[in-house]
Amino acid sequence: MKHFKRNVFILITLLLTFLVVGCGGPSSKEEAQRIDKEYYQSTKKIYSDYEKTFAELREKYNDASELDIKFAQIADSKYIPEISKLKEKLQSEKLSSDLEKQKISLLNLIDSFNDFFKHMALLKDKTKINHENFMTDLEFIYTNIFDNKLKYENESSKIILGKGTYELNLNNFKKIHKGDSYLKVASLFKMPGQLTNSNESNTALIGHRKLEHYYWEDNGALVRIMFENDKVYMLEQRGLK
């Protein structure tokens, strides 16, 4: 009888321990807040430090070439290792399936910043750089950072606040004007667009012309915009409220 009571006591103790451990862990919201604080805010801090460092270097070096080389060295020795370490740490996180989209979108954002610092590190040797291609690639990287930031903030907000951040609505659509940039439009919607088609031409009559077609779609609403030389040229919407 004593042996039976002891076994029951052990079983109850184990069950209570299981319940405490099982119910006492952080919620998806708490984990999402932790991920945001440890990784997203840290990523923003690294970029803020870059902006501060770059501003200080601009005051110190009058020669543009010397400035570029110095900053490229710092990007290579400081920012690339910092952002890479942050990525490795996030990759090792064992998170619930509820946080998978938040994690993936944040990893994509960190990768975008890593691409930026790697691109800036190329300035160490300008003899290997085509200036026009360098600036075109830099513009693409900036846009990618912006898009991935919007995607992350939307996924994170869904878990932390219970709703996303996208604002694809009629009020914001009416704020778009011919000549606006893609970044202006995406900022209004707080949502990245999807590029469906892009082509460039160069004729004696018209000159250089780049046409890009983007669309935004959310909750049954759709916006299509054609950009000419990076400026809004034509737009249409369906189902906006």
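Look up a bit, the structure's there.
All figures in this text were calculated on a predicted structure; none of them were measured in a lab.

(A) Geometry of the pairing of strand β2 (residues 207-218). By the bridge criterion, nine bridges tie strand β1 (residues 194-203) to β2 in an arrangement that is antiparallel. In the sheet register, Asn199 faces β2, and the bridge partner there is Leu211. Between β1 and β2, which pair antiparallel and follow one another directly, the connecting turn spans three residues. Here β2 runs beside strand β3 (residues 221-228); their pairing, made up of eight bridges, is antiparallel. In the sheet register, Tyr214 faces β3, and the bridge partner there is Ile225. Hairpin connection between β2 and β3: a loop of two residues separates the two successive antiparallel strands, and Asn219 in this loop has a positive phi of roughly 50 degrees.

(B) Structural detail: helix α2 (residues 28-60). Its 33 residues give α2 an end-to-end C-alpha distance of 47 Å, which sits within 8% of 48 Å, the value for a rise of 1.5 Å per residue. Where α2 bends most, the angle comes to about 30 degrees, and this point is Asp36. Within α2 the residues assigned to the buried category are Glu31, Ala32, Ile35, Asp36, Tyr39, Tyr40, Thr43, Ile46, Tyr47, Tyr50, Thr53 and Leu57. Next to the buried residues of α2 lie α3 (64-91), α4 (100-121) and α5 (131-160).

(C) Expanded view of the environment of Thr165. For Thr165, the position within the fold is in the loop between α5 and α6 (170-173). Thr165 sits in the partly exposed class, given a relative accessible area of 23%. On a C-alpha basis, the gap between Thr165 and Leu150 in space is 8.2 Å, while along the polypeptide they are 15 residues apart. Residue contacts for Thr165: discarding those within four places in its chain leaves Leu150, Glu153, Asn154, Ser157 and Lys190.

(D) Geometry of the pairing of β3. Burial runs high along β3: six of the eight residues are buried. A loop of two residues connects β3 with strand β4 (residues 231-238), the two strands running antiparallel in sequence, and Asn229 in this loop sits at a positive phi of about 50 degrees.

(E) Focus on the environment of Arg209. In this structure, Arg209 sits in strand β2. Note on Arg209: relative accessible area 22%, which makes it partly exposed. Filtering out sequence-adjacent residues up to four positions away, Arg209 remains in contact with Asn199, Glu200, Ser201, Glu228, Asn229 and Tyr233. Among the polar contacts listed, one links the side chain of Arg209 to the side chain of Glu228, at a separation of 2.6 Å.

Rules of the game
- Residues numbered from 1 in each chain as written.
- Predicted model: local features only at pLDDT ≥ 70, side-chain atom pairs only at ≥ 80, totals over all residues.
- Heavy atoms only, no water.
- Pairing = 2+ DSSP bridges.
- Helix = DSSP H or I, 4+ residues; strand = E, 2+ residues; numbered from the N terminus.
- Expected span 1.5 Å × (residues − 1).
- Bend = angle between axes of the 7 residues up to and from the residue.
- Buried < 20%, exposed > 50% of the residue type's maximum accessible area, 1.4 Å probe, protein only.
- Contact = heavy atoms within 4.5 Å.
- Polar contact = N/O pair within 3.5 Å; in protein donor to acceptor, adjacent residues only side chain to side chain.

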